[in-house]
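Coordinate inspection notes
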Amino acid sequence: APGFDEFWEKGVYPHVRDPEQLRGKRVLIVGGGDSAFDWALGLKDVARRLTLIHRSDRFRAHAHTVKQVMEAAKRAEVEVLTFHEVKAVEGDGRVERAVVFHNQTGAERVLQVDAVLLLLGFVTSLGPLTRWGLELEGNAICVSPGTMMTNLPGVFAAGDIAVYDGKLELIATGAAEAAIAVNNAVHFINPKLKVNPGHSTSYKIFDQGPGAGEEEGE
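Residues numbered from 1 in each chain as written. Predicted model: local features only at pLDDT ≥ 70, side-chain atom pairs only at ≥ 80, totals over all residues. Heavy atoms only, no water.

At a minimum axis distance of 9 Å, the contact between helix 1 (residues 34–43) and helix 2 (residues 63–74) shows a crossing angle of 40°. With respect to helix 2, the axis of helix 1 lies oblique. Between helix 1 and helix 2 lies a crossing of left-handed hand. Seen from helix 1, the contacting residues are Phe37, Asp38, Ala40 and Leu41; seen from helix 2, they are Thr65, Val66, Gln68 and Val69. When grouped by side-chain class, the residues that make up the contact of helix 1 with helix 2 number five nonpolar, two polar and one charged. (Axes fitted to C-alpha atoms, helices over the stretch in contact; angles between N-to-C directions. Helix = DSSP H or I, 4+ residues; strand = E, 2+ residues; numbered from the N terminus. Parallel < 35°, antiparallel > 145°, perpendicular 65-115°, else oblique. Left-handed = near helix turned anticlockwise from the far one by under 90°. Contact = heavy atoms within 4.5 Å. Nonpolar A, V, L, I, M, F, W, Y, C, P; charged D, E, K, R; others polar.)

This is how it looks when you write it as structure tokens:
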């Protein structure tokens, strides 16, 4: 929207660095996900006036957090406007107001604000990785699920950026993929080392006295 570039870091911010910098300010939050709703709760007792707008009435935030924000809205601690988007940000050197509009009726409204927080999530982009010669599938890198190695020998990937048949996009899966990738990378660098280094309980990391680290039944 007009004004975003002009007032970038002059009232328009993509995240909250220090909540205290917004104390006593008139704040507009744009977004409908966890970041937007978490900060709505975090700033409702900091900002002088807080407004949250979202382009629809369907939110991507945790249901309990949404409920808390809506209850705060009933107490007039925050204003929530659904089906609203930013048309323009205006001011003289710094943000002074935002023009928002209802995307179904076209009705416009001018909000006097000191800060606009664009808590909209991320745009995924592989950037220079697209020039590495990696085998890609959309915005993800193809890997072997057994080793997490890409089509380039010695190059490994794990987490959301990695893709293979049967991929399950969970934090737990990503953590496991990272362990697989690291151990196989170490073995790739030094083939004398085992891919499976063992378990922490197999090593006497802590002095637990006689029998520490022994398997049951030994």
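Picking up after the structure, the text goes on.
Moving on to the sheet that holds strand 5 (residues 84–91). An order of 5-6-7 is seen for the three strands of this open sheet, with the pairing classed as antiparallel. Unpaired on one side and paired on the other, strand 5 and strand 7 (108–112) mark the two borders of the sheet. Here the strands of the sheet are splayed against their neighbours by 25° on average, with no regard to which way each runs. In this structure, strand 6 (residues 95–102) lies alongside strand 7, joined through five bridges in antiparallel fashion. Considered in strand 7, the bridge of valine 99 is made with valine 110. (Pairing = 2+ DSSP bridges.)

Turning to the packing of aromatic side chains, a few remarks are in order. Between two aromatic rings, the relevant description is the distance of the centres plus the angle of the planes. A full pass over the atoms with the stated rule returns two aromatic pairs. Between phenylalanine 37 and phenylalanine 59, the aromatic rings sit 4.9 Å apart at their centres with planes inclined by 65°, giving edge-to-face as the arrangement. With a gap of 22 residues between them, phenylalanine 37 in helix 1 and phenylalanine 59 in the loop between strand 3 (49–54) and helix 2 connect regions that are remote in the sequence. Using a relative accessible area of 0% as the deciding quantity, one classes phenylalanine 37 as buried. For phenylalanine 59, a relative accessible area of 22% translates into the label partly exposed. Each ring, one from phenylalanine 156 and one from phenylalanine 188, has its centre 6.4 Å from the other, and the planes form 75°; the classification is edge-to-face. Separated by 32 residues along the polypeptide, phenylalanine 156 in the loop between strand 10 (140–142) and strand 11 (162–163) and phenylalanine 188 in helix 3 (residues 171–189) bring together distant segments of the chain. (Phe/Tyr/Trp six-rings, centres within 6.5 Å; stacked < 30°, edge-to-face > 60°. Buried < 20%, exposed > 50% of the residue type's maximum accessible area, 1.4 Å probe, protein only.)

Following the sequence through the fold, glutamine 104 ends up in the loop between strand 6 and strand 7. Judged by relative accessible area, which is 58%, glutamine 104 ranks as exposed. The sequence separation of glutamine 104 and methionine 148 amounts to 44 residues, and the corresponding C-alpha distance is 46 Å.

Those residues of helix 1 that fall on the buried side of the exposure criterion are Ala36, Phe37, Ala40 and Leu43. One side of helix 1 holds all its buried residues, which, seen down the axis, span an arc of 140°. Buried residues along helix 1 sit in contact with strand 2 (26–30), strand 3, helix 2 and strand 8 (115–118). (Arc of directions from axis to C-beta.)

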